[in-house]
Amino acid sequence: MATYTPRQEHHPKTSRREHREWLLFALFIGPNLLLFGVFTYWPLLYNVYLSMVRWDFLRPTMPFVGLQNYISVFSDPRFWNIIWQTATFTIWSVGLTLTIGLLLALLLNQPLRFRNTARAVIFTPVVISGAVVAVVWSYIFDPRYGLIDQLLGFIGLDSPNWLGDAFWAMPAVIIVYVWKNIGYAVVIYLAGLQNIPRELYDAARVDGAGAWDRFWHVTLPGLSPVAFFLSVTSILTCFQAFDIIRVLTNGGPADATTTLVFHLYELGFVSYDAGKAGVVAIVLFLIMLALTIVQLRYVERQVTYG
Amino acid sequence: MPVAVRRRSLPISLLAWRIAGYVAMIVAVLIIGLPVYWTVMAAFKETREIYSLPVTWWPTNPTLANFPAAWKAAPFGRYYLNSFIVTFLGAAAEVTLALFSAYALAYLRFPRKDLVFLLLLAALMVPVEITIVPNYLTVARLGWINTYQGIIVPGAAIAYGTFLLRQAFLSVPREILEAAKVDGAGHLRTLFSVVMPIAQPAIVTMALLSVVSKWNEFLWPLIVTNTTDMRTLPIGVFWLRNSEGLSNWGVVMAGSLFLIVPVLIGFLLAQRAIVEGMTAGAVKG
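Residues numbered from 1 in each chain as written. Chains lettered and ligands numbered in written order. Predicted model: local features only at pLDDT ≥ 70, side-chain atom pairs only at ≥ 80, totals over all residues.

### So, the overall build of chain A
Of the regular secondary structure elements, chain A holds 12 helices and zero strands. Relative to the 2.2 N^0.38 estimate, which gives 19 Å for 306 residues, the radius of gyration of chain A is 25 Å and therefore markedly larger than a compact globule would have. Projected onto its principal axes, the C-alpha positions of chain A cover 65 × 65 × 30 Å. Long-range pairs, those at least 24 residues apart, make up 66% of the contacts in chain A between residues at least 6 apart in sequence. (Helix = DSSP H or I, 4+ residues; strand = E, 2+ residues; numbered from the N terminus. Rg over C-alpha atoms; globule rule 2.2 N^0.38 Å. Contact = placed C-beta atoms within 7 Å.)

Encoded structure:
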């Protein structure tokens, strides 16, 4: 780590001043670390403990049950169904965000008028609260008076009962999620496009490469690091998606939109099963840890060789 | 010669591409913008109009009635107050902690400082979602359920912002710091009157990011509050939908605008800084 320190000399006379500086360092960074200790690292350990007791948030005792919570969570077909749904939600959301985002970024990278306005409009949903976005969309999905029904009416189709139908609820959640987050991908892609050296395009043109060749052999390879970064961060945020699901479908109908985070919330604050909630929290943490390590490897490589 | 042929047809195909580009851009803007348009229109429609077919694209009898109705259907004055308190204090705490932590990491000596930095950054790997049950218990033990400190304190620590500010602080020219030291400025003076003015853009960016995320926060305030008078705007709008949705969309959309409009105004004013902050770290430079 390259850190700038104003004084480098280690003179015995300065050691007193150095100790004062240590104290100041501790005072400056202490509150932040203390809060992380209490509200981030301690919960991590406490989840491990909770995962091995049976507790309903009320009883004065927390009987130790060993691995029983793990066994009952992992042997429940519902849990595997939820894992499957989390994967479905993530793959569709990330896939659509990355591909549509790429197309939009390529479009907005062209010298078109008003493109900055278009960028701003597309980014706007990113800063709006997910809960309120879901409230608005629950009206848009209204099968009788909603916007989607109107639009489908133009092509002679009837709107499905999006939020009340176990088949359509997940697509509805994915649509809202992509709508809200696409702007982020577009902005990141645009920054990536700007980073591709102009000379590469010029060289390709000199070699007689057409627009399509330049796209395949210059643009796409140039964007691949950005696309990788985006896919990992998007997967991580998908695993954390809560507000849209809670407000739009509440995990239903019949579990159709229950993901891991929602399951954790439900176990903790609807069925008050602290033990099973602990197990799900640990599973979720391990998945996300693995993904973050992949991402850090990438960042490291970027910093070193990029 | 194929190249020559392509050259000659370029102007026409270029024009076609331009037109296609504008069409695609309009479609994209419509898809993103229509839901917002739909919300605004519904907020100005009479209930009767919302529930009559065919649906109208423009209110036939524009009315403001939905706004006072929403304000009465739920204590929005109180929600605003709560959201302002939670957002302001939460963001202020984050910015303060980040400023001091970043200063310490950038300029103060400490043995194995790299490990301290790592300990701070590692917190980014623990998503808040997995901490909800233990933190609920901690907050309950502190007697903080349904209080402002219960909403604010567990989320006050900041790793990403510290990282951003540390980067900005490290790029402050060395000579300026030396000059401050020669003038006899202590560390607090150096932080407030030398480093902060120079790193101001980064601090503003970080603060805006903090404000947006606190204003929109949903999961934790939902869990830790249990009475109407402690709810923040996102949770208030959610409950308004639960009680009035389906039968009274106009009121619910008006309530949603109570939350969306301040965000849109803020975004219009500080668009650059917000976008920059949210995308910093993804691409170098």
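That shown, we press on.
### Re the overall build of chain B
Along its length, chain B carries 14 helices and zero strands. Going from N to C terminus, chain B has its helices and strands arranged as α-α-α-α-α-α-α-α-α-α-α-α-α-α. Taken against the 2.2 N^0.38 rule, which gives 19 Å for 285 residues, the C-alpha radius of gyration of chain B at 25 Å runs more than 25% over that of a compact globule. With the principal axes as the frame, chain B shows a C-alpha extent of 80 × 75 × 35 Å. For chain B, buried positions account for 46% of its 285 residues. Of all intrachain contacts in chain B linking residues separated by at least 6 positions in sequence, the fraction that spans at least 24 positions is 76%. (Buried ≥ 20, exposed ≤ 12 C-beta atoms within 10 Å, placed from the backbone.)

### What to know about the nonpolar core
One finds A:Val173, A:Leu284, B:Tyr103 and B:Leu165 to be the most contacted residues of the largest nonpolar core, which totals 165 residues. The leading source of residues in this core is helix H7 (residues 169-194) of chain A, at 17 residues. If near-sequence neighbours (up to four positions away) are discounted, B:Tyr103 is found in contact with A:Phe28, B:Phe169, B:Leu191 and B:Val195. (Core = buried A, V, L, I, M, F, W, Y, C linked by C-beta atoms within 7 Å.)

### Remarks on helix H8 (residues 160-170) of chain B
The buried count for H8(B) comes to nine of 11 residues, which makes it a mostly enclosed element. What H8(B) keeps buried is the set B:Tyr160, B:Gly161, B:Thr162, B:Phe163, B:Leu164, B:Leu165, B:Arg166, B:Ala168 and B:Phe169. Taken together, the buried residues of H8(B) touch helix H1 (15-50) of chain A together with helix H4 (76-107), helix H5 (113-122), helix H10 (187-198) and helix H11 (200-216) of chain B.

### Describing the interface of chain A and chain B
A common way to express how large an interface is: the accessible area buried when the components associate. On the side of chain B, 83 residues touch chain A, which itself brings 84 residues to the contact. When residues in the side of chain A that touches chain B are grouped by element, the largest group, 21 residues, is from H1(A). Classifying every residue of the side of chain A that touches chain B gives 60 nonpolar, 20 polar and four charged. (Nonpolar A, V, L, I, M, F, W, Y, C, P; charged D, E, K, R; others polar.)

### Remarks on the packing of H11(B) against helix H14 (residues 249-279) of chain B
Residues and elements named next belong to chain B. At a minimum axis distance of 9 Å, the contact between H11 and H14 shows a crossing angle of 120°. It follows that H11 is oblique to H14 by the angle criterion. For the pair H11 and H14, the sense of crossing is left-handed. Counted together, Val 204, Thr 205, Met 206, Leu 208, Leu 209, Val 212 and Trp 215 of H11 and Val 263, Ala 270, Ala 273, Ile 274, Glu 276, Gly 277 and Met 278 of H14 form the full contact between these two elements. For the contact of H11 with H14, a count of residues per class yields 11 nonpolar, two polar and one charged. (Axes fitted to C-alpha atoms, helices over the stretch in contact; angles between N-to-C directions. Parallel < 35°, antiparallel > 145°, perpendicular 65-115°, else oblique. Left-handed = near helix turned anticlockwise from the far one by under 90°.)

### Structural notes on helix H4 (residues 115-127) of chain A
In a regular helix each residue adds 1.5 Å, so 13 residues correspond to 18 Å; H4(A) covers 19 Å between its end C-alpha atoms and thus fits that length. Buried within H4(A) we find A:Ala118, A:Arg119, A:Ile122, A:Phe123, A:Thr124, A:Pro125, A:Val126 and A:Val127. (Expected span 1.5 Å × (residues − 1).)

### Considerations on the environment of A:Gly251
Residues and elements named next belong to chain A. Relative to the assigned elements, Gly 251 resides in the loop between helix H10 (243-248) and helix H11 (260-269). On the basis of neighbour count, Gly 251 is assigned to the buried category, with 22 C-beta atoms found within 10 Å. Sequence spacing of Gly 251 and Phe 262 is 11 residues, and the spatial spacing of their C-alpha atoms is 6.9 Å. When neighbours within four sequence positions are excluded, Gly 251 is seen to be in contact with Ile 245, Thr 257, Thr 258, Phe 262 and Glu 266.

### Examining unusual backbone geometry
All names here are of chain A. Of note, Phe 57 is a non-glycine position whose phi angle comes to about 75°, a positive value. Residue position: Phe 57 is located in the loop between H1 and helix H2 (68-74). For Tyr 272, which is not a glycine, the phi torsion comes out positive at approximately 50°. Judged by the 13 C-beta atoms lying within 10 Å of it, Tyr 272 falls in the partly exposed class.

### Concerning the confidence of the model for chain B
All names here are of chain B. For chain B, the mean per-residue pLDDT works out to 87, and 94% of the residues sit at or above 70. The weakest mean pLDDT in chain B belongs to helix H1 (residues 2-43) at 80; the strongest belongs to helix H7 (residues 148-152) at 95. For the stretch residues 1-6, pLDDT sits under 50, and the model shows one contact to residues farther than four places along the chain or on other chains. In the predicted assembly, ipTM is 0.87 and pTM is 0.88. (pLDDT = per-residue confidence, 0-100.)

### Comments concerning the environment of A:Ile83
Looking at the secondary structure, you find A:Ile83 in helix H3 (residues 77-108). By the C-beta count within 10 Å, which is 15 here, A:Ile83 ends up partly exposed.

### Brief notes about the packing of H8(B) against H11(B)
All names here are of chain B. Taken N-terminus to C-terminus, the directions of H8 and H11 make an angle of 170°; their axes are 9 Å apart at the nearest point. Relative to H11, the element H8 lies roughly antiparallel. Note on element contacts: H11 touches H8 through Ala 202, Ile 203, Met 206 and Ser 210, opposite Gly 161, Leu 164, Leu 165 and Ala 168. Here the residues of the contact of H8 with H11 sort into six nonpolar, two polar and no charged.

### Section: the environment of A:Leu50
On the secondary structure map, A:Leu50 appears in helix H1. Under the C-beta neighbour-count criterion, A:Leu50 is labelled buried, with 26 such atoms within 10 Å. Once the C-alpha coordinates of A:Leu50 and A:Asn250 are considered, the two residues, 200 residues apart in sequence, prove to be 25 Å apart. Apart from the residues lying within four places of it in its own chain, the contact partners of A:Leu50 are A:Ala274, A:Gly275, A:Gly278 and B:Val133.

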